[in-house]
Every structure is written in structure tokens, then in C-alpha cells.
Amino acid sequence: MSKTFIADKETLDKVYSILASDEVYGFIEHNATLATGSRIEYIGANKNFNPVTVTKGGGYSLGDWADFPVLVANKPWMVRSDGTPDYRLNEENYAYKEDGITASDVANTSYNGGAFSWIMKIYKQEYMVGTDRVVKFSFRKRDGFEAVGFIDPDGKELEGVWIPMFYGAIIDSTMKCISGNQPDYNKTTEAQKTAIDKFGSRAKFLGGPIVETITDLLLMWGKDCNIESVYGNGNHSGYDSSLTPTMGVKQNAVVGGGQFYGTSDGKSLNKILHSIVLGSWQQWMRDPYTLCVNGRVKVSKNYKYDLTGASYEDTGISYPETVSGVYPHEYRTVPGFGALPTFPYKGSSITGGCDGFWVNVGITAVALRFGNCSSGSICGSRALRLSSTASNAYWGIG
């Protein structure tokens, strides 16, 4: 695979200078500890780091993470439908190109592509020591480290992944990532895939191992398992039955400035890494790369699509019974994929993993992630619903 540079020379020079230090970063998640601020212990190069903090209502501090290459390289772009970058957006206002003067295509529904945020490749090692989960990150490949989330269906390592800055919306039968429109709803998994495929051959659902890797980065940067308390509550309580058929799911919009924007009112669009999808929790994101077949979880590690799960890897994790809206406190490693919650569930909205979990052991469930605007504090990066079939379609699934 040829190398495609997607950053300006100044950014690249800064990233490569940092990479020259060749360090390992990481954390231990103490599953047996329920207090969220005590569950994460820093290890490695970041042992004495100050975490990222987000001021609710505007502003943030990257603490000692300001030079972390993933954050340095994370920029907003307009990206062509073939996956190649077109031009950078202004980080403070995406309505403009990088120069802050020229209007961008961020709200142009005729643009042949969409608005995406770049997440550069990072290698990850994850394992259990008793009940503790150990997660390490490296910018070079080491023994035991894998490019989790950065492997394509052909088995090739990707230089990075484009993350949607806005919720997908079907425009002229094509799934688009553009500001100023209503997020997709009332579509089955197959209907959504058809629209995604029409965008471009490299386009995929936002799910599977890249979400797991981003979640672990958020846990590490914030040094707290209550991800909402660190990064903002988003629109997790904006439900309004009078707003049929969208019920309070807000239109895609340019919000705040910079990489992070968080609020605490529970009714606003937030963003993480330039993406309102990662921070707003207003609509379940369908993840067909994570299935639960009669209580047993099967996953795709490279975005291959199979709604039966027959070609997916069996994680060895199974659930003994159907549960609804419980709070896990223990997460077990699935090598090459991420971490899944396990029974029993002793957390709450402010303890343990803090986010909700659902499972139906009597069906083949297609995972839903993050939560929606009627879910409240049960939403978050780790919210996982394994109780919805591929044909399920309603306002709260995007």
C-alpha cells in the first residue's frame, strides 16, 4: 500500500519528532474498583501525566497529552468518496477551509464525499492480569502489539481511519456525512449498508475494533471511566415525543471550536476528536461487526460484513441470560478487537463502567453503540446494546 500523507509539513514534522522518542503509553483498568476516578492507573511514558479536561460550555485542556501524536495528527478534512483527502477544514469553524476565509463544502450536499476526522494508526496491546485489564499503546509495531481497528478487509494495515464528523444521512440514496441535515433513521441494517456502499467502496459502518480503540484512548486521556463526565453529556436527554418522527435527534451542525466541545445540559450536540457522533450520544450507531448469536459474541476484526456471524471470530464471551439496561463493572479483553462487558453487573451511572448494557440471548443481535436521546446517563462510549435484530428500524437507530 502506497503512503499517503494527509497532514501539512509542520504537523508531520511535529508528529515524527514525537515518534522518535519511541515510548509506550498505557493504563491499567482496575475492574474490581467501582469508583470511576480510581479505576484508571497510568503506566509507561504517561505515568505522571495530567489528563485531558473539557470545560462544559466551551474550552478544553489537553494536559500533558498535547504532544501525543494521535491528537496532533487529528484534523478535520473534506474527504473524497474514494477515501482520499481533499482539503483541511478550519479547526475552529468547519464552515471554512483551513485559511479561515474561504467557504468550505461542509454543508454542500452535492459534494462528492464528506467531512471526516483523521485518526492515525496506533498499535495496541491488551491483556488481563487477574481482574485488571492492561492496555498499552505504541507507535511502532512491537511483539504482542496489533493495529487494532486499522486492518482492512484485505488484511492490510491502514495508515489511519476516517471518522465521520457528522451523523450519516441518506441524500439521493447515498449515505452522506455533511452538516445541516437530519441523521438517518427508520432504516434496516441492509438498507443502511446499501446507502454506505453507494458512497464509496472503502466506506464502512462506524463500529467494531476502531470504536474499541478510540474508547480506550478516551479512557486513557481522561483518566476516568465516566467518559461523559470528562467529555460532556451531549444530547442524551433531548427526547421530545412532540417532535415526531425524529423525537429530539438534532440535525447535523457545526458546533464549538477545536477537537473537543462538551456541555452538561444533556440536550446539546457535543464533539470528541472533531466528531459529534463520538460525543453527542443522541442516536444509537449500528455496528454489524459486533454480533451476539444466542448470547455468544462474535466479531469482525477487519470490517468484513456478515449478518449471520458465521465468518466472524468467536470471542469466547457468552451471556447467561437476557438483561436490559444494566451497568457492567468488569470488561474482558478480546485480543485484536477490544473489551466486552461480562457478568455480573455491579456498576451504575456513576460507578464501574458507567455505561449501559443490554443483551437478548434468544436472537442474533446486531450491536448498537453509544445510546440515544431518550437514554439519559446510561449513554456513553461504552454503551452497548446486544438486543436488536438486523431488521430493527426506528428513529433512534442511525
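Nothing here was measured: the structure is a model prediction, and the numbers come from that model.

Thresholds applied
Residues numbered from 1 in each chain as written. Predicted model: local features only at pLDDT ≥ 70, side-chain atom pairs only at ≥ 80, totals over all residues. Heavy atoms only, no water. Helix = DSSP H or I, 4+ residues; strand = E, 2+ residues; numbered from the N terminus. Buried < 20%, exposed > 50% of the residue type's maximum accessible area, 1.4 Å probe, protein only. Contact = heavy atoms within 4.5 Å. Areas by Shrake-Rupley, 256 points an atom, 1.4 Å probe, with all protein chains shown as cover. Lys, Arg positive; Asp, Glu negative; His and termini not counted. Charge placed at Lys NZ, Arg CZ, Asp CG, Glu CD. Pairing = 2+ DSSP bridges. Salt bridge = Lys/Arg side-chain N within 4 Å of Asp/Glu carboxyl O. Polar contact = N/O pair within 3.5 Å; in protein donor to acceptor, adjacent residues only side chain to side chain. Axes fitted to C-alpha atoms, helices over the stretch in contact; angles between N-to-C directions. Core = buried A, V, L, I, M, F, W, Y, C linked by side-chain atoms within 4.5 Å. Arc of directions from axis to C-beta.

## Here we look at the overall build of the protein chain
Okay, step 1: In terms of regular secondary structure, the protein chain is built from seven helices and 21 strands.
Okay, step 2: For the protein chain, with 398 residues in total, the buried portion stands at 57%.
Okay, step 3: The contacts in the protein chain between residues at least 6 apart in sequence include a share of 66% that link residues at least 24 apart.
Okay, step 4: Element-wise, carbon and sulfur atoms account for 48% of the exposed surface of the protein chain, whose accessible area totals about 14700 Å².
Okay, step 5: Side chains of the protein chain give 38 positive and 41 negative charges; the mean places of these two sets differ by 2 Å.

## Points about the pairing of strand β13 (residues 285-293)
Okay, step 1: Buried residues dominate β13, accounting for nine of its nine residues.
Okay, step 2: Summarising the sheet, β13 and strand β20 (residues 364-369) pair through six bridges and their orientation is antiparallel. Its bridge partner being in β20, D287 is matched across the sheet by A367.
Okay, step 3: In this sheet, strand β14 (residues 296-299) lies alongside β13 in antiparallel orientation, the contact comprising four bridges. Bridging from a neighbouring strand, T290 pairs with V299 of β14.
Okay, step 4: Hairpin connection, β13 to β14: the antiparallel pair is bridged by two residues, and N294 has positive phi, about 50°.

## Some thoughts on the pattern of salt bridges
Okay, step 1: Taken as a whole and judged by the stated rule, the model has 21 salt bridges.
Okay, step 2: Across the salt bridge formed by R39 and E29, the nearest N and O atoms sit 2.7 Å from each other. Taken as a pair, R39 in helix α2 (residues 36-39) and E29 in strand β1 (residues 24-30) lie far apart in primary sequence, ten residues in all.
Okay, step 3: The partner of D287 in a salt bridge is R369, and the shortest N-O contact between them spans 2.7 Å. Of the two residues, D287 sits in strand β13 while R369 sits in strand β20, which places them 82 residues apart along the sequence.

## Topic: the side chain of T315
Okay, step 1: Within the secondary structure layout, T315 lies in strand β15 (residues 313-318).
Okay, step 2: A distance of 3.1 Å separates a polar side-chain atom of T315 from the backbone nitrogen of I317.
Okay, step 3: Not counting residues within four places of it along the chain, the set of residues in contact with T315 comprises V297, K298, V299, V334 and L340.

## Let's talk about the sheet that holds β20
Okay, step 1: Read from one edge to the other, the open sheet built from seven strands follows the order β15-β14-β13-β20-β21-β19-β16, with strand pairing classed as mixed. Bordering the open sheet on either side are β15 and β16 (323-326), each of which pairs with just one other strand. Ignoring strand direction, the axes of neighbouring strands in this sheet form an average angle of 25°.
Okay, step 2: Both β20 and strand β21 (residues 384-386) contribute to a ladder of two bridges, which runs antiparallel. Residue pairing across strands places L368 opposite R385, the latter belonging to β21.

## Observations concerning the side chain of N226
Okay, step 1: Position of N226 among the secondary structure elements: in the loop between α5 (209-222) and α6 (227-231).
Okay, step 2: N226 gets classed as buried once you look at its relative accessible area, which sits at 13%.
Okay, step 3: Once you skip the residues sitting within four places of it in the chain, N226 turns out to touch T36, S349, I350 and C354.

## Focus on the nonpolar core
Okay, step 1: If you look at the biggest cluster of nonpolar residues, it comprises 79 residues, and the most contacted ones within it are F68, M220, W221 and Y231.
Okay, step 2: For this core, the element with the most residues is α5, which contributes eight residues.
Okay, step 3: What M220 contacts, discounting residues up to four positions off in sequence, is Y25, G26, F27, Y42, N46, W65, F68 and F137.
Okay, step 4: Within the second largest apolar cluster, 16 residues are counted, among which are C292, V297, F337 and L384.

## Focus: helix α4 (residues 189-199)
Okay, step 1: Within the span of α4, buried status applies to T189, Q192, A195, I196 and F199. One side of α4 carries all its buried residues, which in axial view fall inside an arc of 130°.
Okay, step 2: Where α4 is buried, its residues meet β7 (113-120), β11 (169-171), β12 (174-176) and β13.

Note that all results are geometric; they support no functional claim without further evidence.
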